[in-house]
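Observations on the three-dimensional arrangement
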Amino acid sequence: MKKRVLAPEENRKNVSAEVLEGYADTLSQMINCKTVFTHDNENIAEFEKFYKLLEERFPTLTEKAERLTFGGGCFVYVIHGENAKKNIMLMSHHDVVEGGKDWNTEPFCATVKDGAMYGRGTIDTKTPLFAELQACEELLKENYTFDGINLYIGSSNNEELCGDGMVLATEYFKENGIHFDAVFDEGGAITTGMIPGVKEKSAMIAVHEKSRHMYRCIAKKIQKGHGGLNQTSNNTISQMSAFIQEVENSKIYKGDFSDEVRGTFETHAPYMPFPLNVAMGNIGLFSPIIKKVMQSIPQAKPMLATSIAFTTISGGSTVDPQIAAQEVTATMFLRCVREDDLYRGLEKIKEIASKHGVEIEEIERDYCRPTDYKTPQFKLLESVINEVFPDVIVSPFLLVAGTDARRFTDVADNIFRFAPIDLDEAQFASVHGANEHIKLQNVGQCVCFYKNLIKKYR
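To keep things clear, this report deals only with the structure shown in the data block.

The rules behind each value
Throughout, residues of each chain are indexed from 1 in the direction in which the sequence is written. Totals for whole chains, interfaces and linings use all residues, but because this is a predicted model, local features are given only for residues with pLDDT of at least 70 and pairs of side-chain atoms are given and counted only at 80 or more. The side-chain figures draw on all heavy atoms in the structure; neither hydrogens nor water molecules are used. Where helices and strands are cited, they refer to DSSP runs of H or I of at least four residues and of E of at least two residues respectively, numbered from the N terminus. What makes two residues a contact is simply this: any of their non-hydrogen atoms within 4.5 Å. If DSSP finds at least two bridges between two strands, the strands pair. What counts as an axis is a line fitted to C-alpha atoms, over the stretch in contact for a helix, and the angles between N-to-C directions run from 0 to 180 degrees. Put simply, a salt bridge is a Lys or Arg side-chain nitrogen that is within 4 Å of an Asp or Glu carboxyl oxygen. The aromatic pairing rule takes the rings of Phe, Tyr and Trp, using the six-membered ring of Trp, and pairs them if the centres are within 6.5 Å, calling planes under 30 degrees apart stacked, those over 60 edge-to-face and the rest tilted. Remark: exposure states derive from per-residue accessible area (1.4 Å probe, protein chains only) relative to the maximum for the residue type, with buried under 20%, exposed over 50%, and partly exposed in between. The rule is short: NZ of Lys or CZ of Arg within 6 Å of the ring centre and within 35 degrees of the ring normal puts a charge over the ring.

**Points about the environment of Leu161**
Note on placement: Leu161 falls in the loop between β6 (149-155) and α5 (165-175). As for Leu161 and Leu27, which are separated by 134 residues in sequence, their C-alpha atoms are 23 Å apart. With residues near it in sequence (within four places) discarded, Leu161 still touches Phe37, His39 and Asp95.

And the structure:
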C-alpha cells in the first residue's frame, strides 16, 4: 500500500452557515421524537409523530418517491431513476435506545452547545438518516434524474432489538426479484486512535460483520423414585457443567487473519512508525507475533476467531428441588468471521458433547457473506470519502457488532457499513451512553457525502 498525501481538515466539503442552520432545525425535531421501540408499542405516538415530521420536512421526497412499509414501522422510499440498470440502498435505522442516566441535557430534547447537538440518536443513527433523506430531497428539487439507478432509502423501526423490520423488507425484495448492486448502512465511521501508532483519522468501512449462530445443548437422564435416591454424581447438571467446562478450556477456535483484517493493517501500515510499519505491511511474515499480541487484547481478539459464549442454562423443578433435573438445557452462542471455520470447530464441540451425553441442535443461523474490498464499488465509495473528507485514510475492517445490513446478504452484491460521522473519543463513548452528540459542521458534511455518493453511482 502507498501512503497518500492527506489534505488538512479545513479542506473538507461544507455547507453555508445558513444552510446548516436549516439542517440543524430538522435534525433537532427528529431527535425530539422518542422513537424507542418496545414490544408493547409504548412509544407508538412518538413514532407516528416522527413519520409525520418526515412528510413535512421532506415534501418533495414524499411526493415523488414510492414508500413501502414493513411490519410496524420499517419504511423504504424508492426513487425510480431514468434508464435504471442498478439498485442501491442507503440505510439508517430510526429507533434508538433509552435515554439512560448521567446526561447533562435532556436526551430527547435536542440541545445545541459548543458547536454540537446533544440528544439520543444524534450518532446512532438519526443524523445519517437525516442526511440520506436531505440529500435526496435536494436532488429531487434540482430535478436530478438519478440516471442509471433505482435508489432505495430504508430505515428500520426496531434494529436495536434485532427486530423484524429489515427481515420483512428483504423477504419482499427476494419475492420480487429485486437485487442490489450495493447497500450502505451504519457500522463504520471516521475515527482517531483506533489503529496502534496511527495519528491520522481513518474512515473505517466495515465490509463484513461477525455472524450469529445459536445452539441448544441438552443433557437428559431418566430419574425415578424418591429425591433421596437421585444420582449424586454424573447427573444432568454435572454432565452439562463438565461439557461447558471442557469446551471453554479446549480453545477450539485458534483464529487467523481474514482478508478484511489484513486489509485494515496493510492500509494503515504506511502511516505507522518503524518498526510497526514493517510488521503490519508484511502480515504474512510476522503473523505469529501479531496474532499473539492481538489475542491478548480483549478488543482485538474477536477480530481473529469464532467466539463461544454459553448464555443461558436451565433445568430442574421449582416445585420440589429435591428431585434432580431430568433435562438440563444451555444456549451456546457462536459468533464467527467465516462460517467454514465455525463448522470445523463445531465438529469438535459435538465430539465433546457426545462424551458427556449432551445433544446439540441449531436454533438460529444468521450468517452474512463478506464483501470484497477490492471491487469497483469499494473504490467508488473510497473516492467519495476522499472528496468530502480529504484528510482521512480510507480502510476496510471487520465489525464485531451487528447491523441491519446483514439481512441483505442474499439480495446484495456489496454491503458497506459506514456512516460519514467524525467521532472523537467522547462521542464514541456516548453511543448507547450519556451525552450522545454530533458536531454541527459534520451534519453538513454528511449531506454532502450522500449527495456525492448518489451522483457518482451511475
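**Observations regarding the sheet that holds strand β4 (residues 111-113)**
An order of β4-β5-β16 is seen for the three strands of this open sheet, with the pairing classed as antiparallel. Two strands close off the open sheet at either side, each with one partner strand: β4 and β16 (437-439). The average angle at which neighbouring strand axes cross in this sheet is 25 degrees, direction not considered. Pairing of strand β5 (residues 116-118) with β16 involves three bridges; the strand directions are antiparallel. Looking at β16, one finds that Tyr118 is bridged to His437. Each of β4, β5 and β16 touches helix α13 (residues 440-456); the most contacted strand, β16, lies at about 75 degrees to it.

**Here we look at the pattern of salt bridges**
Under the counting rule described, the total for this entry stands at 26 salt bridges. Beyond isolated ion pairs, a larger network of salt bridges with shared partners links Glu9, Arg12, Lys201, Asp391 and Asp422.

**Examining the packing of aromatic side chains**
How two aromatic rings sit relative to each other is given by the distance of their centres and the angle of their planes. Considering all chains together, one arrives at 22 aromatic pairs under this definition. Between Phe50 and Tyr51, the ring centres sit 6.1 Å apart and the planes meet at 70 degrees, which makes this aromatic pair edge-to-face. Tyr51 sits in the buried class, given a relative accessible area of 12%. Consider the rings of Phe449 and Tyr450, whose centres lie 5.0 Å apart with planes at 80 degrees: the pair is edge-to-face. Here the two residues Phe449 and Tyr450 agree in accessibility, since each one is buried. Ring-pair connections join several aromatic residues into one group, and the members of that group are Phe70, Tyr152, Tyr172, Phe173, Phe180 and Phe408. Between the NZ or CZ atom of Arg67 and the centre of the ring of Tyr51, over which it lies, the distance is 5.7 Å. The lysine or arginine in question, Lys113, covers the ring of Tyr118, its NZ or CZ lying 5.0 Å from the ring centre.

**Overview of the side chain of Thr60**
By the secondary structure assignment, Thr60 is in helix α3 (residues 59-64). Not counting residues up to four positions away in its chain, the partners in contact with Thr60 are Glu137, Leu140 and Lys141.

**Some words on helix α7 (residues 259-268)**
The periodicity of an α-helix, 3.6 residues per turn, causes residues three or four positions apart to be oriented the same way. Burial analysis of α7 places seven of its 10 residues in the buried class, the great majority of the element. All of the buried residues in α7 are Glu260, Val261, Gly263, Thr264, Phe265, Thr267 and His268. Packing partners of the buried residues in α7 comprise β9 (201-209), α8 (276-281), α9 (283-295) and β14 (392-399).

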